[in-house]
Each structure stands twice: as C-alpha cells, then as structure tokens.
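An overview of the molecular structure
Each chain, letter by letter, is given below.
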Amino acid sequence: MRRIAGLLLAAAVPVAVLAVLFVLPVGGMLAQGFAPQGRLDPGGVLDVLARPRVRRVAWFTLWTAGAGTALAVLLGLPAAFVLHRLAVPGRHAIRAALLVPFVLPTVVVGVAFRQLLGEGGPLGFLGLEGTPVAILAGLVFFNVAVVVRAVGAAWEALDPRPGEAAAALGASPLQVLLTVTLPALRPAIVGAASSVFLFCATAFGIVLTLGGVRYATVETEIYLLTTTLFDLRAAAALSIVQLIVVVGLLAVSARLRFTPDPGRRSATAAPRAVRRSDWTALALTLLTLVALALPILTLVAGSFRVDGSWSVDNYVALGGAGDNGALLVPVTTALLTSLRTAVDATWMALAMGLAVSLIVTRRSHGPAERRVRSVLDGFFMLPLGVSAVTLGFGFLITLDQPPLDLRDSPLLVPMAQALVALPLVVRTLAPVLAGIDDRQRQAAASLGASPWRALLTVDLPAVWKPLLAASGFAFAASLGEFGATSFLARDEAPTVPVVIFRLIGHPGEMNYGMALAASVVLATATAVVMLLVERLRVPSVGAF
Amino acid sequence: MNHARLRAVLTATTLTLAVTGCSLVGTENEQRPPAGEPSSQEPARGSGEVVVVSHESFTLPKKLTKAFERETGYTIKVRAAGDAGTLATKLSLTAGNPIGDVAFGIDNTFASRPLDAGAFAEFEPSFPGPEEYQLDEGSDRLTAIDHGSVCVNADIDWFKAEGKQPPAELSDLADPAYRGLFVTPGASTSSPGMAFFLATVAEFGDDWPAFWEDLLANDAKIVDGWEDAYYGDFTAGSDTGKRPLVVSYDSSPAFTVEGDRSTTGTVFDTCFRQVEYAGVLEGADNPEGAEAFIEWLLTDEVQSQIPELMYMFPVSPSADVPEDWAKYALPAKDPYEVSPEEIASQREQWLTEWTDLISR
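Residues numbered from 1 in each chain as written. Chains lettered and ligands numbered in written order. Predicted model: local features only at pLDDT ≥ 70, side-chain atom pairs only at ≥ 80, totals over all residues.

**Digging into the overall build of chain A**
- Helix and strand counts for chain A come out as 22 helices and two strands.
- Its C-alpha atoms give chain A a radius of gyration of 24 Å, within 12% of the compact-globule value 24 Å for 544 residues.
- Along the first, second and third principal axes, the C-alpha atoms of chain A reach 65 × 60 × 45 Å.
- Per-residue burial over chain A gives 52% buried out of 544 residues.
- Taking the contacts inside chain A whose residues are at least 6 apart along the sequence as the reference set, 83% of them involve residues at least 24 apart. (Helix = DSSP H or I, 4+ residues; strand = E, 2+ residues; numbered from the N terminus. Rg over C-alpha atoms; globule rule 2.2 N^0.38 Å. Buried ≥ 20, exposed ≤ 12 C-beta atoms within 10 Å, placed from the backbone. Contact = placed C-beta atoms within 7 Å.)

Below you can see the structure in the form of structure tokens.
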C-alpha cells in the first residue's frame, strides 16, 4: 500500500498537469452537453446515439479506419523488410523521408492531394476527388511510416537463425515468411496496426479537406455539431463514444504491445545484401515510395509555378504580407514563431514524458501496483482520443478564471502541442526504460547510490539517445500541429500551418502559390529534424 | 558519452535555448493595462487596450490601427477566433466572461446564436448605417458594418469561347445545358456555401430538396470550402479548373480584371445577402474602448477601406470605394432573404436534410 501511495505521489505532478490541461477542459465541454443550463439530462445524450446519421457516421469512421489500417500494413510490411533488413543504398535517408508525411500538417497534405487528384491535376482523370478512396489514400499516406517504423524495428531485432534453419530444412522463402517470420513479428504488427487504426479513426483535417462535405467521420461530425449546428449535446455524445472506443483500443494495444528486449539487441542481424528473391519486396517498396512521393512532388512543383511558368517568386514573396493584405505577419516571422513554439512544446512534452515514462516502467510489486501503473499509462495516452475542437472550446470555457486564466498566456499553444506530442514521447522512452534490468538499479543502490544518483548513472545513459530522438519527434509534431493551434494561436503570433491555412483562404493570385511555397518550407524543416533523429538510430521511436 | 559531458551538454542546451530567446518563456504575458480615466488634457480620449474578437478573414492593416490609436488613445489587439461558425460558438460559450471587448464579423446567418446566449451588451452608435442592413431583432446590440452578396459567378470568357449564354437564375443551374459546369462550397462547411443554400431555400421554399437533387443529377460539384471551389475548380480562378460557374461574391469580378474589363461576372438573380455586424461584448473589460472601436468602424475613413480588407461593401453610403470596385463589383440589388430567426430555428434540420441528401 505504501508503495502505491509513493507511486501516486510521484505521479502527482504530471497527473495534475494533465488534469488541468486535459480533463478539466474536456469535462467542461462534456458538461455543456450532458447538463445544459445546469440540469443533468443524460437521456438526451442517449437519444442522440439513436439518430440514423450518427450510426452512419460511426460506420463510415470504422470502415475507413479499418481499410486504411489494412492498406497501411500491407504496404508497410515490404517496406519495413527492405529498409530494415536489406543493405539498400540510401536506406537511412529514405527512412527519414518516410516519416515526413506522418508529421506533415494536414493542411499541407490536403493541398497536395487536391493538386494531385483535382479535376485538372495529374491524376484528375481517375475522378477520385471527394471520394472515400481519396480519404483512404490520405490516411494511408500519413500512416505507412508508423508501420514501417514499428515493424522494421522488430524485424531488425529478430533473430535470423530460426528462419535460416527452416530454409535449410527445405522451406521455400514464402513458407519461411508465413510460418516463421510473420508469427514472430505478430506482436509488432498488431501493435502498429492498432496505433494506425487509432490515428485513422481520429483523423480530422485530412477527412475534412479530402472528404469534402459528403463524408463525415466521428471527428469531423463533432466539429460540425459544435461550430455550425451548436448542438453541444450531440457533440458530447459523440465525444463520449469516441473516448470509450479509444480507451478500449488502448487497452488492446497495451496488451499486444511489443517491447524490444534490450538483452537481445546485440544479436541484431546486420543488413544483408539484396538477393534475386527479394524483387517482390523491392518492387512493392518502390511502389509505396512513389505513391508517397507523388503528392509531395506535386506540391513542390506547384510551389515553383507562377502564371504558368517556372519561378521562385512564391518563395521570395514569403517575406511579405501576401496579396490584398492576407497576412498580418510575413511567413518568415511565422516560421520563427513556429520554431520558438516548438522549442517550448518540446521541453514541456519531454519533461512530462520523461516523468510519465519513469513512473509507468518501474518494476511493480504485486498486481495492485501493476494495475495502477497501467491505468496511469493509459491515462496519459488519452489526448490521442479527444477531438481538438472539444479540447479547444474546453480551454475557453474552463481556463477562464484566476488562478487558471490561461486564455491569454503565450504558453497556451505550446502547452496544447505538448499534450499532442506527449504520447509520442512516452511511447519512445517507455520501451527503453522498461528494458533496463532492475537489478542494475538495485546494484547501484546497494553500492550506496541515492535514488537520484542511480537514476543518473543507470537510467540516463540508456535513455539519452531516445530522449534526443523523442525531442526530435515532439519538435516535428509541434511544427506541424494544426488542429489545436489554429484554435488557440494568437492573431499576431501565428504558426506556419495557421498562416498556410490563412493564405489558402484569401483571394489573390500570389496567395495560393505562397501557401504552396510555405508548405514546402515547413515540410523541409520537418524532414531535416527527422533526418537528425534518424542519425540517432533509436529502434523504438514511434513504436506504439 | 560520459555523464559529466552529458550533463554539460544538457545544461548548455537548456541555457542556450533560454538565453537566445528561442522560447516563448519570458515573453510578455499579455498584461492588459487597466482602462483608465480619460486624461485631463484631452477629455475625449480613452486609454487602455481594446481586444477585438473576429473571424480568420478579418485583417486590420497597421496603418489603420495606428490611426485609431492616434485618434482615440486606445490600442487595438485583434484575436482571430476561427471561421464564422467557430466565432459564433466561442462568443456564445464565453458569454458574460468574454475573450475580448468587441466582436466583429458575426453575420446574419449566425447572429441569433450569440444574441440568444446574451453575449452582447446594448449599444447604439451615433451614426448607424441605413435601416435596411439592421437586424429586426437585436439591432440594439449588433451594428451593421459591411455587406456583400453571395452569388453565382460566371467565367465570361469561357462562355464566350464556347458560344453559350451564362445562366440567368437559380433554376438554370439544373438545366442540362449547364451540366457539369457548376461548383459550390458545402452548406455545412462554408459560410458562402450556407448563403447559397439559403438562396435556394428562399427561392424554392420547402421544395429545395427537389432542386438540390436536380443539381446533383446535373453533375454539380460540392466541395469543402470557398477556396477549394474558386481556386481549385473555377476556370477563371485556377489554371487547372474545369468549371466556369462558381459560388462566390458579387465583389469577386473586381479581382479578375484584365485591361479594362473583368473576365468574370455575377449572375444577379442568384444572390443571398450577408451582413456583418459588430457588437460590444457583455462583461467586457473596456466597454468604452469597444464602443469607440465600433464608432470608428463606421467612419468613412474605415468604411472606404472595407472593400480591400474584407471583400465586402461598406454600409455607409458616403464612403468611397476603389475604382475597380466602382466599375466591376456591382452590389446585388434585390438579393434573396431569410430572416435570422428562421435560420436559427431551421438551420439544424435544413443542414441535416441537406447533408443526407448530398451524401446519398
């Protein structure tokens, strides 16, 4: 009991932060729905769930997320193999580039896909614009990297000998894959798939920009209900459904999560040379890479077009305010704001994430303590499952009184972004910390080291690389964050995604071109950060 | 890496970040100077900050804000609150403890939401604009600042090249002669889209679903936002657009001028009027400043700049509009109207029905 009390005490600070910045705002918005005018009316919320439209929206969310996940896994597996097991030239750079879509702002991806699939775009003849296929393509575009990352890391750590033994006994490569390799990778695949499903099911910007108005998911429906229809009761009902589903998914993925065994890391097989039998995997990987590169290339090409000819004018214009005074501050200033905001979001996410990771990965004595730790673990993943709209409005109505009057604070945006990045940080650090043999800490303690000293000498050396990697991830995620930021950013200090959105929405010949150019700048900044992260070669990055 | 070095690196990084100002920590927390007494030398002047809450398409150039600050003694801070619907929701949810002093950009399609929530305080400006722009209910709280009509725009050059006549009224859009030529932003996701939808409601009454079915059968395209429609699909708005008919504003032709003519034109019998209002927020910290701001918005100095800032027409009849506007942006004379009360009570049902209809 005393250990559990100590555990809760250690968890008090991060829990309090999350309670104020997450539970309170979301609770405030839900209360608006459940108790309009202060009178509790849960029946009304249940009525909402019986509406045929709500059922249709829920079904659409489920099947697009399911199909998106399946596609991402199918395309991600060959790429994971090729990029993590074969000695392909340039594989480090490709791996870094693969992560760019994952952290690219949805606004930018929406623009890119519209350029590509629009009636006049290079793939316009397919007639995919505004169809569920376009939404699926967008979801897969975002999430292939998650599969490649998580499965690739596991594949890299996989002992090659059982497979070799099977081959020596006469198994065909396909038999080896189906009977030895895939079963061994199953935890990693299922873990990655459940994360991708979660990302797909809660995708907002991409569904809104690519799905147009005909298709709605739970997330876009909450937005519509809150802002256009002002039906807070229905929005609360959908939020609750979403929370329940996400908590369920988190529970499932926690059970299936793949933790690399640090003791086995030394046994990692070196990448082997490419053989003729690898051509299917290579071809599929090439196909995936081309499919991922197409929208980005369209975007880059578009950014260099002015009045039908090639030009860098769009980039030159980034220093100005756009046509017809579209912007209050030039894009260059916004980039500076973005970078400063990202620095703050990063340290906040790291501080919280490190504390949370330490708490959830310490060895548990007894089932009660283990349960407390896993509940805490799930608690900090919750921001993944709540719509930015709900959170944003919640901030406005709950954090408006002293001592918690944060509505005017310049740190509000970084705080919100840190919440978004937190799960990413925890999922990068926790597997590494969990892999440290507790006996090392015990040995340090028995040699007279204080708990802090043990932390510094045992945990920190193991975790510093993942810590840097996590900061890269948090930084990039903050650079690209749009949902919560657009809601909370102050007018005179917008970030780049907010500026891009503003440029797209303002008439003026230059504005659209500038939006494309700004998107390319943002994507480049993200790619550079990811490349630096890739240099650190942390296997568990993004392994949910 | 040994620990001493590691610690040194961590400390150095932290210090660098803090010292070089690569962080927002230590940035001025917006301390609002109290709205003080008018100073004794210039009795009419106020002081303190006026926080203007608006939607994301509102911009005030530095030159104008400086002028306001010089004339009145107040300083201005603009806070964008998302699109028109988000703005209305924000104001309604924060009624009584507002996020600013004055709101600008609530239009007639959303006005009743914050009015019902009690978000606005009473205020009568000294020179309100013409009667026709005022609300029937709530004119004691909301002041009309600008107006503009959402109309179908036609690419005149395209129609000339094809030897066709542009459509003349709403029902033409469902005519097979215009099959596949029309694009509109959605009513549920865009405020011009909503305005166009309301025009069809005003024209066809309860039969609007039949008209929309005909529209869809005639291969009309429905996209997310105005910008997607105009810059993505409109032939005169983008190199790759394929559709010469788009839902836009009656002011849009002023933005497609080539030489001495505009390449696009407004189909005047398809218009729905949007009026944008400003109001003092209930519970504002600086109500005097808020009132001064609204009075200032109504001066000809600001009114004559409204076309370029907001793509809307000023309410003041004495304001000058830019030359291009006077020539090419002709305000719709007899736009469709639906009362804010009817919009407020029917919006949800209409939109639900509309969304169901178009997602079939």
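**Points about the packing of helix α3 (residues 52-85) of chain A against helix α8 (residues 173-201) of chain A**
All names here are of chain A.
- The geometry of α3 relative to α8 is characterised by a closest axis approach of 8 Å and an angle of 140° between their N-to-C directions. Accordingly, the angle class assigned to the pair α3 and α8 is oblique. Remark: the crossing between α3 and α8 carries right-handed chirality. Side by side, α3 and α8 meet where T61, T64, A65, G68, T69, A72 and V73 of the first sit next to I189, A193, V196, F197, C200 and A201 of the second.
- When the residues that make up the contact of α3 with α8 are grouped by side-chain class, the tally is nine nonpolar, four polar and no charged. (Axes fitted to C-alpha atoms, helices over the stretch in contact; angles between N-to-C directions. Parallel < 35°, antiparallel > 145°, perpendicular 65-115°, else oblique. Left-handed = near helix turned anticlockwise from the far one by under 90°. Nonpolar A, V, L, I, M, F, W, Y, C, P; charged D, E, K, R; others polar.)

**A closer look at the environment of R535(A)**
- Structurally, R535(A) is set in helix α22 (residues 509-536).
- When the C-alpha positions of R535(A) and A96(A) are compared, they lie 8.9 Å apart, and in sequence the two are 439 residues distant.

**Structural notes on the interface of chain A and chain B**
- Each side of the interface is counted separately: chain A has 53 residues, and chain B has 54 residues.
- Elements supplying a minimum of two residues to the side of chain A that touches chain B: α9 (205-211), α10 (218-228), α14 (331-361), α16 (388-398), α19 (451-480), α20 (483-488) and α21 (496-504) of chain A.
- Per-element tally for the side of chain A that touches chain B: the top contributor is α14(A), with five residues.
- For the side of chain A that touches chain B, the residue count by class is 22 nonpolar, 18 polar and 13 charged.

**Section: the packing of α10(A) against helix α3 (residues 84-93) of chain B**
- Viewed as axis vectors pointing N to C, α10(A) and α3(B) meet at an angle of 65°, and their least axial separation amounts to 7 Å. Contact with α10(A), carried on its side by T226(A), T227(A) and T228(A), involves G85(B), T86(B) and T89(B) of α3(B) and no other residues of that element.

**Concerning the confidence of the model for chain B**
All names here are of chain B.
- Of the residues in chain B, 88% have a pLDDT of 70 or more, and the chain-wide mean is 84.
- Here residues 28-43 is a poorly scored stretch, pLDDT under 50, and it has 21 contacts once near neighbours within four places are set aside; other chains count.
- Scored by ipTM, the complex comes to 0.75, with pTM at 0.80. (pLDDT = per-residue confidence, 0-100.)

**What to know about the nonpolar core**
- One finds V147(A), V151(A), V425(A), A474(A), A518(A) and V102(B) to be the most contacted residues of the largest nonpolar core, which totals 260 residues.
- Element by element, the count of residues in this core is highest for helix α6 (residues 132-156) of chain A, at 18 residues.
- Mapping this core onto the domain boundaries places at least three of its residues in each of domain 1 (49-147 + 275-323) and domain 2 (149-273 + 331-358) of chain B.
- Setting aside residues no more than four positions away along its own chain, A474(A) makes contact with A345(A), T346(A), A349(A), L350(A), A421(A), L424(A) and V425(A). (Core = buried A, V, L, I, M, F, W, Y, C linked by C-beta atoms within 7 Å. Domains from an automatic or database assignment.)

**Section: the domain arrangement of chain B**
Residues and elements named next belong to chain B.
- One can read the domain layout of chain B as domain 1 (49-147 + 275-323) and domain 2 (149-273 + 331-358).
- Facing the 17 residues of domain 1 at the interface are 13 residues of domain 2.
- Of the residues contributing to the side of domain 1 that touches domain 2, the split by class is eight nonpolar, four polar and five charged.

**So, the pairing of strand β7 (residues 245-249) of chain B**
Residue and element names in this part refer to chain B.
- Most of β7 is tucked away: five of the five residues are buried.
- Note that strand β4 (residues 143-155) and β7 share five bridges and pair antiparallel. Across the sheet, V152 pairs through a bridge with V247, a residue of β7.
- The sheet contact formed by strand β5 (residues 182-185) and β7 spans two bridges and is parallel. Directly across from F182, in β7, lies its bridge partner L245. (Pairing = 2+ DSSP bridges.)

**Describing unusual backbone geometry**
- Although it is not a glycine, F230(A) sits at a positive phi angle of roughly 55°.
- By the element assignment, F230(A) lies in the loop between α10 and α11 (232-256).
- Not every positive phi belongs to a glycine, and Y311(B) is a case in point at roughly 60°.
- Following the sequence through the fold, Y311(B) ends up in the loop between α11 (306-310) and β11 (313-314).

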